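Notes for the structure review
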Amino acid sequence: MTSQIAATALAVFLLGATTASTAMAQEAPKAFNQCKACHKVEAGKNGVGPSLFGIFGHKLGQAPGFKYSEAHLKFAQQTVDEPFLTKYLADPKGTIPGNKMVFAGLKNPDDVKAVIAYLKTLK
Ligand code: HEC
């Protein structure tokens, strides 16, 4: 019962937050600032990297209009879930050798968790 109320309160909060123009800056964990240089979170908006909208729970390499590297597309059958992201965000190059995401990885496991939790909300 209490958790239901909490969930409702959270949903109301999220709904309110997405209508505010500064929503992304408030919602995203600090660690996500490093991703923002290359990734947008709006659907269909690619930057240096593909849009991360709806990425969680889907397969890699699906952002419309983004030109992925061949190395990345070799992993296109991979579902973007928690175990995968835990490895990939800590060590992108080691997880998908030869991919073109020029990012060393998040060294702090708490940052990885916070970013994954945030990615889950992008739908
Ligand atoms: C310097 C630019 C850059 C930074 C910084 C960066 N990325 Fe990326 N990212 C890319 C590029 C480019 C790709 C596509 C890789 C390819 O095609 O080889 C990518 C791919 C991805 C993918 C796979 C997307 C898909 O559709 O298959 C995820 C998930 C991702 N990045 C998350 C993150 C997160 C989270 C961060 C921050 C912790 C981050 N990236 C930081 C450039 C970047």
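A short tour of the structure in this document, coming up. Everything numeric in this text was worked out from a predicted model, so none of it was measured. (Residues numbered from 1 in each chain as written. Predicted model: local features only at pLDDT ≥ 70, side-chain atom pairs only at ≥ 80, totals over all residues.)

1. Re the overall build of the protein
Filter applied, for reference: Under the DSSP-based scheme used, a helix requires at least four consecutive residues in state H or I and a strand at least two consecutive residues in state E, with every element numbered from the N terminus. In this scheme every C-beta is placed from the backbone, and a residue whose C-beta has 20 or more other C-beta atoms within 10 Å is buried, one with 12 or fewer is exposed, and one in between is partly exposed. This entry defines residue contacts through backbone-placed C-beta atoms, with two residues in contact when those atoms are within 7 Å.
The number of helices and strands found in the protein is seven helices and zero strands. Counting from the amino terminus, helix and strand elements in the protein follow one another as α-α-α-α-α-α-α. Taken across its 123 residues, the protein has 16% of its residues classed as buried. A fraction of 39% describes how many contacts in the protein between residues 6 or more apart in sequence connect residues 24 or more apart.

2. Things to note about the nonpolar core
It is characteristic of soluble globular proteins that their nonpolar side chains tend to be buried jointly. Using the following cut-off: Note on terminology: a nonpolar core is a set of buried residues of type Ala, Val, Leu, Ile, Met, Phe, Trp, Tyr or Cys, with members joined through C-beta atoms within 7 Å.
Counting 13 residues, the largest nonpolar core has Leu52, Leu89, Leu106, Val112, Val115, Ile116 and Leu119 as the members making the most contacts within it. Counting residues per element, the ones that place at least two in this core are helix H5 (82–90) and helix H7 (109–120). Among the elements that take part in this core, H7 stands out by supplying four residues, more than any other. Beyond its immediate stretch of four places on either side in the chain, Val112 contacts Thr86, Leu89, Ala90 and Leu106.

3. Details of the packing of H5 against H7
Worth spelling out the cut-off: Interaxial angles span 0 to 180 degrees and are taken between N-to-C directions of axes, which are lines fitted to C-alpha atoms, for helices over the stretch in contact. These descriptions rest on fixed angle ranges, namely under 35 degrees for roughly parallel, over 145 for roughly antiparallel, 65 to 115 for roughly perpendicular, and the rest for oblique. Each crossing gets its hand from how the near helix is turned against the far one by less than a right angle, where anticlockwise is left-handed and clockwise is right-handed. Polarity classes work like this: nonpolar for Ala, Val, Leu, Ile, Met, Phe, Trp, Tyr, Cys and Pro, charged for Asp, Glu, Lys and Arg, and polar for all others, with Gly in that last group.
It is the contact of H5 with H7, at a shortest axis distance of 10 Å, that shows an interaxial angle of 125 degrees. Classed by the angle they form, the pair H5 and H7 counts as oblique. Seen along the crossing, H5 lies across H7 with a hand that is right-handed. Across the interface between the two elements, Glu82, Leu85, Thr86, Leu89 and Ala90 of H5 pack against Val112, Val115, Ile116 and Leu119 of H7. Of the residues assigned to the contact of H5 with H7, the class counts are seven nonpolar, one polar and one charged.

4. With respect to the environment of Phe53
Its location among the elements puts Phe53 in the loop between helix H3 (33–36) and helix H4 (70–73). Between the alpha carbons of Phe53 and Ala43 there is a distance of 5.1 Å; along the sequence they are ten residues apart. The residues touching Phe53, leaving out its near neighbours within four places in the chain, are Val41, Glu42, Ala43 and Leu122.

5. What about the environment of Glu27?
Mapped onto the fold, Glu27 is located in helix H2 (residues 23–27). Between the C-alpha atoms of Glu27 and Thr121, which are 94 residues apart in sequence, the distance is 9.5 Å.

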